[in-house]
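# Examining the three-dimensional arrangement
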Amino acid sequence: MDKHLTVPFGEKEATELRSGDYVYLTGTIYTARDAAHKRMFETLERGEELPFDIRNNIIYYMGPSPAREGRPIGSAGPTTASRMDKYASTLLDLGQRGMIGKGKRSEEVRKAIIRNKAVYFAAVGGAGALLSKSIVSSEVIAYDDLGTEAIRKLEVKDFPVIVVIDSEGNNLYETAINEYKED
Amino acid sequence: MRTIHVNEITRNVKEMCIEANHYLTDDMKAALDQAAQKEKAPLGKQILNQLQENLEIAAKDMIPICQDTGMAVVFVELGQEVVLEGGLLTDAINEGVRQGYTEGFLRKSVVKDPLIRENTKDNTPAVIHYNIVAGDKIKITIAPKGFGSENMSRVFMLKPADGIEGVKNAILTAVKDAGPNACPPMVVGVGIGGTFEKCALMAKQALTRPVNQHSEIPYVKEMEEELLAKINQTGIGPGGLGGSTTALAVNIITYPTHIAGLPVAVNICCHVNRHCVREI
């Protein structure tokens, strides 16, 4: 089912999403991938504050290519989410509402999604040029020295994603594959 | 003998890095087009259409097809009658990669040390494979490799007794384990035989063969066709979200091996199977 949703959003909106829904996101999301997650984790271990308030926010696992002049961003598709599994459940427990990536998640992350009424969206991997057209603006807000891996605040308009794991833990990667399996 | 200045190598490598990251080869575009027409799943079809739209936007607006513009893998076939002047060939290739990735707005994804992980900020060094061949030309293939799919690649050191069924099972296992992580529809490059490192290199080379061409060895061609059909029955589908298009091609290269061994390497590539070839 096609839905339009404003980001960030709360528990109520998250619980209304179902695995398999096609959703267009409009509003503010944040990017972070391997190196930024490692650094955020070290920040938490020192007992310090994260560089942005993650409560109700969506993290997009993405490191863009450089923007050409006059454009907000370069190519901007999702990276493999499982590399962030080590960090995701802690961040979800701190109130992060969800993430956008591609690929399988660990059972630990799936449980954290259920526990926190969160959501895991997939964007289409390898469609970075197309996805960049739904990004209106991009601003580095932390870890500038990490280059493509810096944390960016993105304004998105009708950014297309698919609900893979919903707040009840249903997983589209399992159900959809079984539907089309012929062997 | 023929003399070639290394500056010509640098210029070509620079252009090829930019070209490979913005335009797919015609065989890849045709394979995606066919897949979009045949896909059974509605969501799968929608994703395949988006991938085609993505290619159009990439070419029209000069935005890389994928933000992971890869680590530059370079195959060089150097004619032994060529004399190079002006510097070292390896330096000239790396300079081309540096210029291509910097001036072409491509992502710098290479870290200097695998554990210290400091970005080199110009995507060098490339991974370069040299082969000396007959003639007075240099053939260069640039294949930028993204790591979503590279991370799902495997080497299996099988036993001779495992035979052809063992090889097929290994390939299917690698593809099923890769699933949605490798950005399907994939291209599956396979190397069978040789040694531990030789089979991996053949698997990588197999990815640069056009997806509409089969092996010239009849039994290998049959294996390629059978495996492609089986992979497309797994249900993984475009984006791993279900469907009948999980791979666009299975390309296999074989080589003689040892009496005690049956090495098999599976190098998985996403649908952004990039390569650019020039002969200088």
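Residues numbered from 1 in each chain as written. Chains lettered and ligands numbered in written order. Predicted model: local features only at pLDDT ≥ 70, side-chain atom pairs only at ≥ 80, totals over all residues.

Let's shift gears to the overall build of chain A. Counting its secondary structure elements, chain A contains 6 helices and 7 strands. Reading chain A from its N terminus to its C terminus gives the helix and strand order β-α-β-α-β-α-β-α-β-α-β-β-α. Computed over the C-alpha atoms, the radius of gyration of chain A is 16 Å, within 12% of the 16 Å expected from 2.2 N^0.38 for a compact globule of 183 residues. Each of the three principal axes of chain A carries a C-alpha extent, and together these read 45 × 40 × 35 Å. Within chain A, the proportion of its 183 residues that are buried is 50%. For chain A, long-range pairs separated by at least 24 residues make up 61% of all intrachain contacts whose partners lie at least 6 apart in sequence. (Helix = DSSP H or I, 4+ residues; strand = E, 2+ residues; numbered from the N terminus. Rg over C-alpha atoms; globule rule 2.2 N^0.38 Å. Buried ≥ 20, exposed ≤ 12 C-beta atoms within 10 Å, placed from the backbone. Contact = placed C-beta atoms within 7 Å.)

This part covers the overall build of chain B. Of regular secondary structure, chain B possesses 8 helices and 10 strands. Dimensions along the principal axes, computed over C-alpha positions, put chain B at roughly 55 × 50 × 40 Å. When each of the 280 residues of chain B is scored for burial, the buried share is 50%. A separation threshold of at least 6 residues defines the contact pool for chain B, and within that pool the share at least 24 residues apart is 80%.

Residues and elements named next belong to chain B. Summarising burial for strand β5 (residues 138–145): 6 of the 8 residues are buried, a large majority. Two elements, strand β2 (residues 71–79) and β5, share 8 bridges in a ladder whose sense is antiparallel. Across the sheet, valine 74 pairs through a bridge with isoleucine 142, a residue of β5. Note that β5 and strand β10 (residues 276–279) share 4 bridges and pair antiparallel. Bridging from a neighbouring strand, isoleucine 142 pairs with cysteine 276 of β10. (Pairing = 2+ DSSP bridges.)

So, on to the packing of helix α3 (residues 85–93) of chain A against helix α4 (residues 107–115) of chain A. Residue and element names in this part refer to chain A. Packing of α3 against α4 brings their axes to within 9 Å, and their N-to-C directions diverge by 15 degrees. Judged on the interaxial angle alone, α4 and α3 are roughly parallel. Crossing hand, α3 versus α4: left-handed. Residues Asp85, Ala88, Ser89, Leu92 and Asp93 of α3 pack against Glu108, Val109, Ala112 and Ile113 of α4. Of the residues belonging to the contact of α3 with α4, the class tally is 5 nonpolar, 1 polar and 3 charged. (Axes fitted to C-alpha atoms, helices over the stretch in contact; angles between N-to-C directions. Parallel < 35°, antiparallel > 145°, perpendicular 65-115°, else oblique. Left-handed = near helix turned anticlockwise from the far one by under 90°. Nonpolar A, V, L, I, M, F, W, Y, C, P; charged D, E, K, R; others polar.)

Now for the environment of A:Thr175. All names here are of chain A. Note that threonine 175 resides in helix α6 (residues 172–180). Residue classification places threonine 175 among the partly exposed residues on the basis of 14 C-beta atoms within 10 Å. Separated by 122 residues in sequence, threonine 175 and aspartate 53 place their C-alpha atoms 34 Å apart. Apart from residues no more than four positions distant in its own chain, threonine 175 is found in contact with Ser19 and Asn170.

As a further point, take the interface of chain B and chain A. On the side of chain A, 39 residues touch chain B, which itself brings 43 residues to the contact. Among the elements that line the side of chain B that touches chain A, the one with the most residues is helix α3 (residues 42–61) of chain B, at 7 residues.

By way of backbone hydrogen bonds, the strands of a sheet pair with one another, either parallel or antiparallel. Residue and element names in this part refer to chain B. Taken in spatial order, the 4 strands of this open sheet run β4-β2-β5-β10, and their pairing is mixed. Single-partner strands in this sheet number two, and they are β4 (127–133) and β10. With strand direction ignored, the average angle separating the axes of adjacent strands in the sheet is 15 degrees. Strands in contact with helix α1 (residues 6–22) are β2, β5 and β10; relative to β5, the strand with the most contacts, it is inclined by about 40 degrees.

This paragraph deals with helix α8 (residues 218–231) of chain B. The terminal C-alpha atoms of α8(B), which comprises 14 residues, lie 20 Å apart, in line with the 20 Å expected from a rise of 1.5 Å per residue. On the buried face of α8(B), the contacting elements are α6 (163–178) and β8 (247–257) of chain B. (Expected span 1.5 Å × (residues − 1).)

It is worth spelling out the environment of B:His258 at this point. All names here are of chain B. With respect to the helices, strands and loops of the structure, histidine 258 is situated in the loop between β8 and β9 (262–269). Looking at histidine 258, the number of C-beta atoms within 10 Å reads 11, which means it is exposed. For the pair formed by histidine 258 and proline 160, sequence separation is 98 residues and the distance between their alpha carbons is 9.4 Å.

Attention now goes to the nonpolar core. Grouped together as the largest cluster of nonpolar side chains are 134 residues, with contacts concentrated most on A:Phe121, B:Cys17, B:Ile142, B:Met186, B:Val188, B:Val190 and B:Val266. When residues of this core are assigned to their parent elements, the largest contribution, 9 residues, is made by strand β7 (residues 151–165) of chain A. Split by domain, this core shows at least three residues from each of two domains, domain 1 (2–20 + 65–145) and domain 2 (148–273) of chain B. Once residues within four sequence positions are removed from consideration, B:Met186 is found in contact with B:Ser149, B:Val175, B:Ala178, B:Thr246, B:Ala247, B:Ile268, B:Cys269 and B:Cys270. (Core = buried A, V, L, I, M, F, W, Y, C linked by C-beta atoms within 7 Å. Domains from an automatic or database assignment.)

So, about helix α4 (residues 89–103) of chain B. Residues and elements named next belong to chain B. Helix length check: α4 (15 residues) gives 21 Å between terminal C-alpha atoms against 21 Å at 1.5 Å per residue, within 8%. Those residues of α4 that sit buried are Ala92, Ile93, Asn94, Glu95, Gly96, Val97, Arg98, Gly100 and Tyr101. One or two residues past the end of α4 sits phenylalanine 105, with phi positive at roughly 55 degrees.

With that settled, consider the confidence of the model for chain B. Per-residue confidence for chain B averages 97 on the pLDDT scale, and 100% of its residues sit at or above 70. Taken over the whole predicted complex, pTM reads 0.96, whereas the ipTM for its chain interfaces reads 0.95. (pLDDT = per-residue confidence, 0-100.)

Residue and element names in this part refer to chain B. On the basis of which strands lie adjacent, the open sheet formed by 4 strands has the order β6-β9-β7-β8 and mixed pairing. Whereas interior strands pair on both sides, the edge strands pair on one side only; in this sheet they are β6 (154–158) and β8. Across this sheet, the average inter-strand angle for adjacent strands is 15 degrees, counted without regard to direction. Inspection of the sheet shows strand β7 (residues 186–194) paired to β8 by 9 bridges, in the parallel sense. The residue of β8 that forms the bridge with valine 188 is valine 250. Across the face of the sheet, α6 comes into contact with β6, β7, β8 and β9 while running at roughly 30 degrees to β9. Contacts from helix α7 (residues 196–206) reach β6, β7, β8 and β9 within the one sheet, and its direction differs from that of β7 by about 150 degrees.

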